[in-house]
Amino acid sequence: MDYKTMKQNSIDRRTFLKLSGAAGIGIAASTFGVPSFLHAAPETIKIGSIQPVTGPLAIIGQGTRLGNQLAVEYINANGGIKSMGGAKIELLLGDSESKPEVGRQEADRLIKEGASILLGPFQSDVAMAIATLAEQRQVPFVMDVAALDDITKKGYEHVFRIFITSGGLVAGALKYYKTLIEISGVTPATAVVANVGDAFGKGMSDGFLKMLESSGLPIKIVERIQYPLGIQDLSAEVAKIKAAKPDILFPVSRPGDSVILLRELYKQKVSLMGIFGPGSPGWYEPDFVKDMDKLAYHTLVNVPWINPSSPSYQRGNAAFQKAVGKNLDTNSAYAYTGPLVIADALERAGSTKREAILKALRETNFKDHPVVGGPVKFDEKGDNTGAMTALIQVQPDPDLQKRVKIVLPKEFAQSDKIVFPAPQLWER
Amino acid sequence: MNRTYILLGLILAVLLVLPLMLSKYMLGIFIMMYYYAYLGQSWNVLTGYTGHISLGHALYVGIGAYTSVFLAQRYGLSPWIGMFAGGVLASLIGLFLGFLGFRFGLRGVYFVILTIAFAEITRLIVSHIDALGSFTGIFLDFNPSFKNFQFKGNIPYYYISLGFMVMSLIVVRILETSKAGRFMVAIREDEEAAKALGVNTFKYNMFAIAVSAFMTSLGGCFYANYIFYLHPNTMFGMSLNIELILRPIVGGLGTLFGPVVGSFILTPLSEVSRAYFAKGGMEGLHLVIYGIITILVVLFMPKGIIVYLKKWLKPILSKE
């Protein structure tokens, strides 16, 4: 490089001073842009949001992060935390990469950056790592989504959960099954449980079976079928179901295999009173409802669910639609609830002091949320006593978007009739 | 040589006083650096020195973690003791795997498959044992005390992990200069020739895998009491298998300081870039950068960064 080009590329002292001076003024102007004597500049309150934004759960994680962000935007647009002079909430973003140790490290970083509360993280294993960290660092941690019972069993002082527990999910399934029998006046005598053999499928169906047995309901499990995740053909399994002649089928499946299962049930003309998912994804997603059309009708599934008629859901959904053109789903709706619950607690705490926040969180009684469930209240373990599932059923409707309907509990129901027993698959 | 020791002593002195000036978060990065350097070093004993590629070292991490946690939860045994029980168990399983592999002369890819198979089989078995938390995993109680290997702040973890790493360096240094270590290198360079020269290759292969498994499993105990959660998929899974070998490969396989150098480069790189890009709303980009750097190192520095580092340091270190 010769001297000339070097000269051109380098910055001399004067230029440097000019530039840095200008930059300094720029920064100062942007920070103190509004003359500070006009109003008492409210402090910002930092909340650390940790979601699995990259890695195997990236798509869901991006949705839950967006849920967190949109709720914070809403709170800030409505005057922030009024009891603290309209203090705005700043959401610090962390990415767990779906790994517990990364989640922990990110949580530690956000605490260092000033987070007074942690929020997240969609997965139970990451939640546990962060929960212990929260206890170590004495920072309140509000879980928007994470179901495993054990997380709150440790009696941690700083840990709160909005989502339903895995035990609550199974209990909900049994409760709705009983109600279904009462309402319809039909009692299935035999059943088949068919589940995918991964951790979720096995855990969920084991829990449900155990509860069903101890419930004293006159139902006999005539066959239990387990198949591996990612299976491409279920004809042999469905032949077994057909041979067992059950009245009702309890599937715990994943999106891919529910399509195969349902098509095979149709092909082999397995006669059933109905299909009841104790907590099974794959039977109500928009693509499934669209592709399966009439075959998807009348399936009942017990799930944590959105409450579309709530004003909070409508606000959140509008914002979500605007941001990504999709409806606010259950996970993102719970994520949307997180900052709302925190803001409500901060409003009552009037301070970012740990004790004040913890006290306010424990006294939470928050109704204006977008999911099916009672008011958010935390018990001594930190679990939400208002959390509940809904029973949903896919029902005929010319509008695809409106086919999935809440049928139970009554106060949230979008349709007052439950179709059970359902017409056979090939008679629709 | 003296200068090398002085430099290392200086580095160690700096590392020892670091907690005085760093935040808990920064200490967390260092803890992960030491942890992965330690695991990489343990893996290096087998793969770096004897040349038998193990892609299933997560197996030993998992055994160490699960054994110490199980003994602590069931029998109240302090993890300080439990981790050695885990080490012995890991060694035994390593010896069994080694017996199958070395006795029947499995080489290259076939040995790799054997190690993966052991890790995967163990993962599936643990996933179905209720006493080990099956597929929901084990959540550890948080009872901070020295006996329980659990602490409130990051500083104790910092010193323990630093101690682990330094110990592993000392062990490998002793090994490297010992007869056994030289035999292991001979096996790596040419197993048949070593055998022809009278090296009992089976014996030294078994020795290497036992030491490697033992050391790796101690790391598992540390992880368990740092993260407080064990899941079969994270403890025995493929991603840990790969995570574990990246650092020694990037740093320099079969060298004393390779795993340490690799970890000191890769771990902060992934941490800092994640934090940096997350703020700009470009999450995921850090993984791309991490991947590109790893590829570049493997392509252009196949012997690891340590070779270049030594070249740079030569003028300083060689002046007697």
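Residues numbered from 1 in each chain as written. Chains lettered and ligands numbered in written order. Predicted model: local features only at pLDDT ≥ 70, side-chain atom pairs only at ≥ 80, totals over all residues. Heavy atoms only, no water.

Caption draft 1: Up close: the pairing of strand β1 (residues 45-51) of chain A. All names here are of chain A. Counting buried residues along β1, six of its seven residues qualify, which places the element largely inside the surrounding structure. Of the crossover connections in this fold, the one passing from β1 over helix α3 (residues 58-77) to the parallel strand β2 (residues 89-95) is right-handed. Summarising the sheet, β1 and strand β3 (residues 117-120) pair through three bridges and their orientation is parallel. Looking across to β3, one finds that Ser49 is bridged to Leu119. (Buried < 20%, exposed > 50% of the residue type's maximum accessible area, 1.4 Å probe, protein only. Helix = DSSP H or I, 4+ residues; strand = E, 2+ residues; numbered from the N terminus. Right-handed = clockwise from strand over helix to strand, strands pointing away. Pairing = 2+ DSSP bridges.)

Caption draft 2: Representation of the nonpolar core. Residues and elements named next belong to chain A. Membership of the largest hydrophobic core comes to 108 residues, with the highest contact counts inside it found for Leu249, Phe250, Leu265, Phe276 and Trp305. In terms of residues, this core owes the most to one element, helix α13 (residues 330-349), which gives ten residues. Taken together, domain 1 (45-164 + 308-362) and domain 2 (168-303 + 395-427) each give at least three residues to this core, which thus spans both. Once you skip the residues sitting within four places of it in the chain, Phe250 turns out to touch Tyr177, Ala191, Val192, Val193, Ala194, Phe208, Leu212, Ile219, Phe276 and Pro278. (Core = buried A, V, L, I, M, F, W, Y, C linked by side-chain atoms within 4.5 Å. Domains from an automatic or database assignment. Contact = heavy atoms within 4.5 Å.)

Caption draft 3: Here's a closer look at the sheet that holds strand β4 (residues 141-143) of chain A. Residue and element names in this part refer to chain A. Judged by pairing direction, the sheet is parallel, and its five strands sit side by side in the order β2-β1-β3-β4-β5 without closing on themselves. Here the strands that pair on one side only, and so sit at the sheet edges, are β2 and β5 (159-161). Taking the axes of each pair of neighbouring strands and ignoring which way they run, one obtains an average angle of 25° across the sheet. Where β1 lies against β2, seven bridges are found, and the strand directions are parallel. Opposite Ser49, over in β2, you have Leu93 as the bridge partner. (Axes fitted to C-alpha atoms, helices over the stretch in contact; angles between N-to-C directions.)

Caption draft 4: Spotlight on unusual backbone geometry. Residues and elements named next belong to chain A. Residue Pro121 is reached from Gly120 by a cis peptide bond, and omega for that bond is -10°. With respect to the helices, strands and loops of the structure, Pro121 is situated in the loop between β3 and α5 (124-137). With an omega of -5°, the peptide bond between Phe420 and Pro421 qualifies as cis. Note that Pro421 resides in the segment after β12 (404-408). At Lys245, a position not held by glycine, the phi torsion is positive, near 50°. Mapped onto the elements of the fold, Lys245 is located in the loop between α9 (235-244) and β8 (248-252).

Caption draft 5: How the structure looks around the sheet that holds strand β10 (residues 300-303) of chain A. Residue and element names in this part refer to chain A. Read across the open sheet, the seven strands follow the order β7-β6-β8-β9-β10-β11-β12; overall the sheet is mixed. Each edge of the open sheet is held by one strand with a lone partner, namely β7 (220-227) and β12. Averaged over all pairs of adjacent strands, the angle between strand axes in this sheet comes to 25°, irrespective of strand direction. Taken strand by strand, helix α7 (residues 166-184) contacts β8, β9 (274-277), β10, β11 (390-394) and β12, and its axis lies near 145° from that of β10. The sheet strands contacting α9 are β6 (190-196), β7 and β8, and the helix crosses β7 at an angle near 175°.

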